[in-house]
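# Residue-level structural notes
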Amino acid sequence: MSVKKISFKIGDLTIGGDSPILIQTMCNTSTNDIEGSVKQCEDVIAQGADLVRLTTQGVREVNSLAEIKSILRGKGINTPLVADVHFSSKVAIAAASVAEKVRINPGNFAKEHSQALSEFDIFISECKKYGTAVRIGINHGSLGERITNLYGNTPKGMMMAALEWMDMCIERDFYNVVFSLKASNTVVMVEAYRLLMSEMVKRELIFPIHLGVTEAGCGDTGRMKSAVGIATLLNEGIGDTIRVSLTEDPVNEIIAGKMIVEKCAKIRTENRLNNYVKCVDNQIYNANSWEELIISISCDYSSLLLDKKIDDFKFKASINGKELSEKEINDIKDDLLQAARRRFTKPEYISCPGCGRTLYNLQKSVEDVKKATAHLKGVTIAIMGCIVNGPGEMADADYGYVGEGGGKVTLYRQKEVVARSVPEDEAVEMLLKIIESDKK
Ligand code: SF4
């Protein structure tokens, strides 16, 4: 069987095939804030971002993106820019002439499949004209209604959605496409990508894959969830670009992303040299930082935990020669077992990284909600940056806290609105009351 791996250029970079894994992030500035966005692009590029995505919810933002691009190019910075489009085919078509790559979420590209087809035709012909690449970004939380009715909100549904759009690209003789199948649940995410890869191998045509655990949150748990999902797949040879999605400064996403890619390269080399997959239990780590340590451990144990090959694990660790306490070791174990969805000892938080659509202080809200709900073991709470995409992307959260802008928040019980326009300074308390009253 001769499997063809597709690769193509995005700006000066090559994506796919046997090219190096590219690390990307997304600005959380408003794209219309030209100065702020240019500065953030420069910051993440200085840290090593290979591609930078910016939100383009309207044609005005596409024009701003053009301006940002021209300023960066004027400074000699050639990093490819990606336009993030959700709902509007008109915006995607406009962005195709500006960005090096356009990310669309087909789940909300168009309600009617026939309408989507004609819009897609125009979009693809624009991409061909300008040499623009595309990412078809399927998200577990926003699979279209048609796909959900056919296959459920499942990894298979995600894979089938990707295949439909893949076929549409092939029919149009368009191959500059990357696919992503993100979920905040690491088990769902890994299964969806594995299904897609095995289907592409069967078809003998492998498109580049972008990996990410979406709405992974922040801090240790955000890093560990991302590392578990991304490393499992990278270690199987799946993935050409990655994004570690954190509700933090985008610079931090690049730092964590580089650590995951470097660690996985080491794991793959060791496995190749030893010609077997190393048994990693009882590992001894000596890391340079806490972050490096938790990412390294997560990458080592990810697939063993996800695939239920082990139920628990032991390790010893020190940071710059200082040994970790038993409590620190147990905290890492608890977080990792939860990231791999094997044992839940804490609440589960889903939070988006925020982007140009965010109209409130998302990072502070995440901290406040976490502080107030830390005792609610087993409850899943989503804290999302915008009212347009947030509710759809919350996937299977028990409760949602979604910023409306203007200092107001909407609270959800699963997908149902429980309170609208709650002042921000009252919202955490109200959320807690709702959860407590449900528990009673
Ligand atoms: S949910 Fe978050 S990341 Fe997604 S569009 Fe809204 S603010 Fe941006």
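Because the structure is a prediction, the values reported are computed rather than measured.

Any aromatic ring pair is given by two values, namely how distant the centres are and how the planes are angled relative to each other. Here the structure, examined in full by the defined rule, presents seven aromatic pairs. Arranged with centres 6.1 Å apart and planes meeting at 85 degrees, the rings of Tyr 285 and Phe 315 form a pair that is edge-to-face. Residue Tyr 285 is found in strand β13 (residues 283-287), and its partner Phe 315 is found in strand β14 (residues 315-319); the two are separated by 30 residues along the sequence. Both residues of the pair, Tyr 285 and Phe 315, belong to the buried class. Note on Phe 313 and Phe 315: the rings are 6.0 Å apart at their centroids and 20 degrees apart in plane angle, and the pair reads as stacked. The burial state of Phe 313 is the same as that of Phe 315; both residues are buried. Following the ring pairs from residue to residue traces out a cluster consisting of Tyr 285, Tyr 301, Phe 313 and Phe 315. Just above the ring of Phe 313 sits the side chain of Lys 333; from NZ or CZ to the centre is 5.9 Å.

For strand β18 (residues 399-405), the buried fraction is high: six of the seven residues fall into the buried class. In this sheet, β18 lies alongside strand β17 (residues 380-384) in parallel orientation, the contact comprising four bridges. Its bridge partner lying in β18, Ile 381 is registered against Tyr 399. The pairing of β18 with strand β19 (residues 408-413) spans six bridges and is antiparallel. Bridge pairing links Tyr 399 to Arg 413 in β19.

Let us look at the side chain of Thr 186. Here Thr 186 lies in helix α7 (residues 186-203). For Thr 186, a relative accessible area of 1% translates into the label buried. When near neighbours in sequence (up to four residues on either side) are disregarded, Thr 186 contacts Val 213, Lys 225, Val 228, Gly 229, Leu 306, Ala 339, Ala 340 and Arg 341.

A separate point is the packing of helix α12 (residues 362-373) against helix α14 (residues 424-439). Running from N to C, α12 and α14 cross one another at 30 degrees; their axes reach a closest spacing of 10 Å. Of the two elements, α12 crosses α14, and the hand of that crossing is right-handed. Between α12, through Ser 365, Asp 368, Val 369, Ala 372 and Thr 373, and α14, the contact on the second element is made entirely by Glu 424, Val 428, Leu 431 and Leu 432. The residue inventory of the contact of α12 with α14, partitioned by class, reads five nonpolar, two polar and two charged.

This part takes up the side chain of Ser 19. By secondary structure assignment, the location of Ser 19 is in the loop between β3 (13-16) and β4 (22-26). What makes Ser 19 buried here is its relative accessible area of 19%. Polar contacts involving the side chain of Ser 19 include one to the main-chain carbonyl oxygen of Gly 16, which spans 2.7 Å.

Using the criterion set out here, one finds 29 salt bridges in the structure. For the salt bridge of Arg 194 with Asp 307, the shortest nitrogen-to-oxygen distance reads 2.9 Å. Of this pair, Arg 194 sits in helix α7 while Asp 307 is found in the loop between α10 (290-306) and β14, placing the two residues 113 residues apart along the sequence. When salt bridges that share partners are traced, they join Arg 53, Asp 84, Arg 103 and Arg 357 into one network.

Once the domains are mapped, the protein shows domain 1 (4-211), domain 2 (274-339) and domain 3 (348-439). Averaged C-alpha coordinates put domain 2 and domain 3 at centres separated by 31 Å.

Once that is clear, we can look at the state of the cysteines. Two cysteines form a disulfide when their sulfur atoms are joined by a covalent bond. For the structure on display, the rule yields zero disulfides. Between Cys 218, a free cysteine, and Cys 352, which holds the nearest cysteine sulfur, the sulfur-to-sulfur gap is 11 Å. A relative accessible area of 6% places Cys 218 in the buried class. With no disulfide of its own, Cys 264 lies closest to Cys 299 among cysteine sulfurs, the gap being 4.3 Å.

Before going further, it helps to examine the site of the ligand. Every residue lining the ligand is accounted for by Cys 352, Gly 354, Cys 355, Arg 357, Thr 358, Gly 385, Cys 386, Asn 389 and Gly 390. Here the residues of the shell around the ligand are counted per class, giving three nonpolar, five polar and one charged.

With that out of the way, let us pick up unusual backbone geometry. In this model, Glu 215 sits at a positive phi of 50 degrees, which is unusual for a non-glycine residue. Relative to the elements of secondary structure, Glu 215 occurs in the loop between β11 (210-211) and α8 (219-234). The class for Glu 215 is buried, based on a relative accessible area of 6%. Even without being glycine, Arg 341 reaches a positive phi, approximately 60 degrees. For Arg 341, the location among the structural elements is in the loop between α11 (326-339) and β16 (348-351).

Tracing the chain through its elements places Ile 242 in strand β12 (residues 241-242). For the pair Ile 242 and Ile 254, spaced twelve residues apart in sequence, the C-alpha separation works out to 9.7 Å.

With 17 residues, helix α6 (residues 155-171) should cover 24 Å at 1.5 Å per step; its first-to-last C-alpha distance of 24 Å lies within 8% of that length. Inspection of α6 places Pro 155, Gly 157, Met 158, Met 159, Ala 161, Ala 162, Leu 163, Trp 165, Met 166, Met 168 and Cys 169 among the buried residues, and these make up the whole buried set. Count one or two residues on from α6 and you reach Asp 173, which has phi positive near 55 degrees.

On to the sheet that holds strand β15 (residues 322-323). Spatial strand order, β13-β14-β15: three strands in an open sheet with mixed pairing. Of all the strands in the sheet, the pair left with one neighbour each is β13 and β15. Note: β13 against β14, five bridges, orientation parallel. Residue pairing in the sheet places Asn 286 in a bridge with Ser 318 of β14.

Conventions used here
- Residues numbered from 1 in each chain as written.
- Predicted model: local features only at pLDDT ≥ 70, side-chain atom pairs only at ≥ 80, totals over all residues.
- Heavy atoms only, no water.
- Phe/Tyr/Trp six-rings, centres within 6.5 Å; stacked < 30°, edge-to-face > 60°.
- Helix = DSSP H or I, 4+ residues; strand = E, 2+ residues; numbered from the N terminus.
- Buried < 20%, exposed > 50% of the residue type's maximum accessible area, 1.4 Å probe, protein only.
- Lys NZ or Arg CZ within 6 Å of the ring centre and 35° of its normal.
- Pairing = 2+ DSSP bridges.
- Contact = heavy atoms within 4.5 Å.
- Axes fitted to C-alpha atoms, helices over the stretch in contact; angles between N-to-C directions.
- Left-handed = near helix turned anticlockwise from the far one by under 90°.
- Nonpolar A, V, L, I, M, F, W, Y, C, P; charged D, E, K, R; others polar.
- Polar contact = N/O pair within 3.5 Å; in protein donor to acceptor, adjacent residues only side chain to side chain.
- Salt bridge = Lys/Arg side-chain N within 4 Å of Asp/Glu carboxyl O.
- Domains from an automatic or database assignment.
- Disulfide = S-S within 2.5 Å.
- Near = heavy atom within 4 Å.
- Expected span 1.5 Å × (residues − 1).

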